[in-house]
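Architecture at a glance
Letter by letter, the chains look like this.
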Amino acid sequence: MKKITFMKSPVAVAVSVILTAGLMTPLYAQETEQEQEEQAEQTEQTQAMEVIQVRGILGSLARSTQFKRNSDGVVDAISAEEMGKFPDTNLAESLQRITGVTVSRVNGEGSQITVRGFGPEFNLITLNGRQMPGTGYTRSYNLEHLSSEGVAGLEVYKTGRAATPSGGLGATVNIVTPKPLERSRQNLVIMAKGIHDSSVDLGDTVTPEVAAVYSDSFADNRFGVALSFSQYRRDFQTQQANVQGWQANVPLPSLDEANVIDPRPLDGEGNRIGNHFFPKDMNYGFADVSQQRTNGQLTLQFAPVDGLVVTTDYTTSRSLTGTESFGWGIWNEFGGNINSYELDEDGTAIFADIAGNDGSFTAEKGTTEVKSSSVGLNIEYEMSDSLSFWFDVHDSSTKTDDGADPGSGNFGQVILGSDQLRSKVYDYRNGDIPQMQINWNNGTNVLSPSEIDSNFSQFFHRPAESNIKQYQFKTDWLNFNTFDLPLTKITGGFSRTDQDMGGYEAWSGLRGGPGFNPAFPEIFPDSMFTRMGTGDFLDQFTGGGSDLLTNYYYIYDYDEAVARQIAFLTRDLMGDDVYLADPYIDGINSESYVGEVTDAIFVQSDWEFYIRNRPVNLNVGLRYETTDVTSRVRQRVERQVNWVSASEWIMQYEPQDEVSFLTLTGSNDVLLPNLDFKIELTDQLIGRFSAGKTISRAPLGNLAGGRSLSGSPRPGARSGGQGNTDLLPFESTNIDLALEYYYGPGSYAAIGVFRKDVDNFIQNTITETTIDGLRDISQGPRYQEAVAAIEGRGEQATSTAIFDEMLALGYGNADGVIEPNADDPLMVWQISQPTNTDSKTVEGVEFAVQHVFGESGFGLGVNATLVSGDVNFDNSNLTQQAPLTGLSDSANLQGFYEKHGWSVKVTYAWRDSYLIGVGQAQGSSDAPPQYAKAYGQWDMSVSYAVNDNFSIFFEGLNLTNETEQGYGRYERQFLFARQYGPRYTLAARYSF
């Protein structure tokens, strides 16, 4: 009969397990006193052996496999190959190697994770068992801000445990950092890298990264110090084409049949069946980005007496991302502006010739800073062989500031261009990306520098902060034959998590014309503009590069454009529209704060027994939580909406004499049971069954009460939002079944099925409403008078023509702005508010094979996850929906060779198309979807150990220059195409 012995996983895992609130529990056989003594002796031998660790890829896989095997529930892990060397330089990229985990990318780099189809907001990130604050106005933690050099391992818990902090409905990911008392000797590793992004245009072609990791223990392993530090810089360029949104069922003019192609069927009355959709704009652009990231962590451990370990640690990171971008494109309005169009079978415009509005050349500049810090204290006390206590407290924060540019203190956008055009063409009948062309009044498709005018500029400052104070306590009681039961351990405890998140936005409004009203082309000399070609722009797409229909654009100096407008568009000339690069010209526009206090109490038990002589482990637990929510939102009083140019409508507010906050509260409670059953069917075959409940709380932004309205309410975009502090958390009832076959060191095969029934899905409900004082010029008698006059002359009633006609009729004020009249009807607003709705179900199957080919040095890992459920978006339905974002199939491949000092690894990660989210920046009020197309990426790393201490290595990311694409309801509703280019790293590493 095989005995179940008390085993620790490798040291890097074992200590972290103790420090993470008992996420894993040791196993104790309930046999005889003699067996217990044998057990203790084997434990000491195991601990002694763990000092000698297998390094490299094989060592990492072996430790991760052993951790997975020994765990209760469905768990995966990734271990550092050796101190200071993680399998991937980005933690998110490492996590995507795990079955069921996919990543979302920002600037071509892994940022956040989706697990089993549940996106970032459904997964909890912890650092050594502590819940971390989200980045910005969100619960989601961005993994790219944390350096991998200071990480010992990643643990992914796909099933819930009573002793685990709640919030990981999809999974809980625990980041484990090194502890100095795990090692009995001094360790020091230094590393230097040179990073080359093939996309870089501005900035350095090679940028540096340096890192160092130090660990040592003193006084017979009573005192330990661990320190890690890294600094990183990356310069690169991103290129993209994008449509900001699709408008459903826009007004269509009566046109000659020769100007319309519409294959949709007709009903009995000759009307088209189905919806139709037009793009609000079409833009191209690129961004030159410079990133800097600094990470540091200090850990001190003190073991004054046997059984007592005190750990204190401080973790900090600072990320700076500076961006200078340029774009060019068109803006569309519909109705009388449409000259001709072609729709496909789904009603999507694939060609449109649209008059009015403008074409523009946009420059943006800003720097965003993200600062995170966490300070914590942990005390672990083993009072006796059967009783121990664990206490942990930490105070963590993340601050974001998009006004970190040292010169301006804001994020700015300057839009220059012209409205002197006859029409604009959108054409997506061929190629990977849509084409755009402008027919200018000068008789060509090229705007000359002398014709470029000021459209408008806007300046933002949007700082945000998220803080968490968390207190956790637990106690373990071990059953050393106190009761003649197969019970091995009882764990109980409580915790309090105090989280607050908030921020504000300051907005300058539209400074300048705005909207070429009045026109000031004389501000800018021709010499300010440099004409560029598109030869290497989006050249990985069919129809990109020099094949673009508009194959030129202008760049200019952002700071010069701002300075010239400040000098020219003075208060004497512009009045209240004076050009100031100041987000606070009208004070703070919006401000909101959400606080959550969650109290939890839990108990869980571990059992060991036999079924037909096969060892069984059972974990049963229960967790109860209560949460109180408080929301504070600054309220601004809207006064009226002005029509300031053909394309721009601006909200006007009452003066802010006093700041008024609306405070709302809410509360909820949950009961979370769980059960994990594991049986060793043979010495190599393990079966698992898990059942329980997990939760994810509502997005923090949705909890912020109060109403807000769009500050730029153009026709078709009269929208607003209102939070709901009474939102309940998502509650998932989960069932998991798994079969795992461990047939060699580092080798296993596994299959698992899972089902998640999720209650309280959140859906945004839209209500049409009017608000006293906010009147709609476009529905009033003066507007209709202007339309009648234009059409009476046989001219096209475009938005530009209507605006000019109303000014000609004397309906503008002294500044050329049209203000509402008392006889204009009230404006109809689409107000969105989140509410809890029905239940959804997600089902899936996971496969994984990891095989080491004996002593050949070769190995292979393959995994795949297939998911489905009643959580999809119905593209033909224009009502509000509550789908699950991020749901998609995924697969990963890893092949490696490690022998004779060489270590070679090739990986491929694939993710099928998925729903990014609902709502588009300039989409219609039905909240249309955003989808991402399927994406696959090849990466490679090669290293060579020159000797036991010194190694060099090479890494290549996105080797085949894969691109990202997105679309709306249908694939021909283009949303974005992005191109980043491959990235290469050459590095050296020395260990002392």
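Residues numbered from 1 in each chain as written. Predicted model: local features only at pLDDT ≥ 70, side-chain atom pairs only at ≥ 80, totals over all residues. Heavy atoms only, no water.

The next thing to look at is the overall build of the chain. Helix and strand content of the chain: 9 helices and 50 strands. Against the globule reference of 30 Å for 992 residues, the chain gives a C-alpha radius of gyration of 31 Å, in line with a compact fold. For the chain, the spread of C-alpha atoms along the principal axes amounts to about 105 × 60 × 55 Å. In the chain, once contacts between residues fewer than 6 apart in sequence are set aside, the share between residues at least 24 apart is 76%. (Helix = DSSP H or I, 4+ residues; strand = E, 2+ residues; numbered from the N terminus. Rg over C-alpha atoms; globule rule 2.2 N^0.38 Å. Contact = heavy atoms within 4.5 Å.)

The next thing to look at is unusual backbone geometry. The phi torsion at D220 lies on the positive side, around 55°, for a residue other than glycine. Structurally, D220 is set in the loop between β9 (207-218) and β10 (223-242). On the basis of relative accessibility, which here comes to 77%, the residue D220 falls in the exposed class. Of note, the phi angle at N961 is positive, near 55°, even though the residue is not glycine. Its location among the elements puts N961 in the loop between β47 (950-957) and β48 (963-967). (Buried < 20%, exposed > 50% of the residue type's maximum accessible area, 1.4 Å probe, protein only.)

Domain annotation of the chain identifies domain 1 (57-178), domain 2 (223-759 + 832-991) and domain 3 (775-816). Distance from the C-alpha centre of domain 1 to the C-alpha centre of domain 3: 58 Å. (Domains from an automatic or database assignment.)

A few words on the sheet that holds strand β17 (residues 349-354). The sheet built from 5 strands is open, its strands ordered β12-β16-β17-β21-β22 with mixed pairing. Edge positions in the open sheet fall to β12 (260-261) and β22 (435-440), since each of these has one partner strand only. Where β17 lies against strand β21 (residues 421-427), 4 bridges are found, and the strand directions are antiparallel. Across the sheet, the residue bridging to A352 is Y426, located in β21. (Pairing = 2+ DSSP bridges.)

Strands belonging to one sheet form pairs held by backbone hydrogen bonds; the direction of such a pair is parallel or antiparallel. Spatially, β1-β6-β7-β4-β5 is the arrangement adopted by the 5 strands of the open sheet, whose pairing is mixed. Looking at strand neighbours, the two that pair on one side only are β1 (75-79) and β5 (130-131), the edges of this open sheet. Note that β1 and strand β6 (residues 153-157) share 5 bridges and pair antiparallel. When the bridges of β6 are listed, I78 appears paired with L154. Together, β1 and β6 form the strand contacts of helix α3 (residues 56-70), whose direction differs from that of β1 by roughly 155°. (Axes fitted to C-alpha atoms, helices over the stretch in contact; angles between N-to-C directions.)

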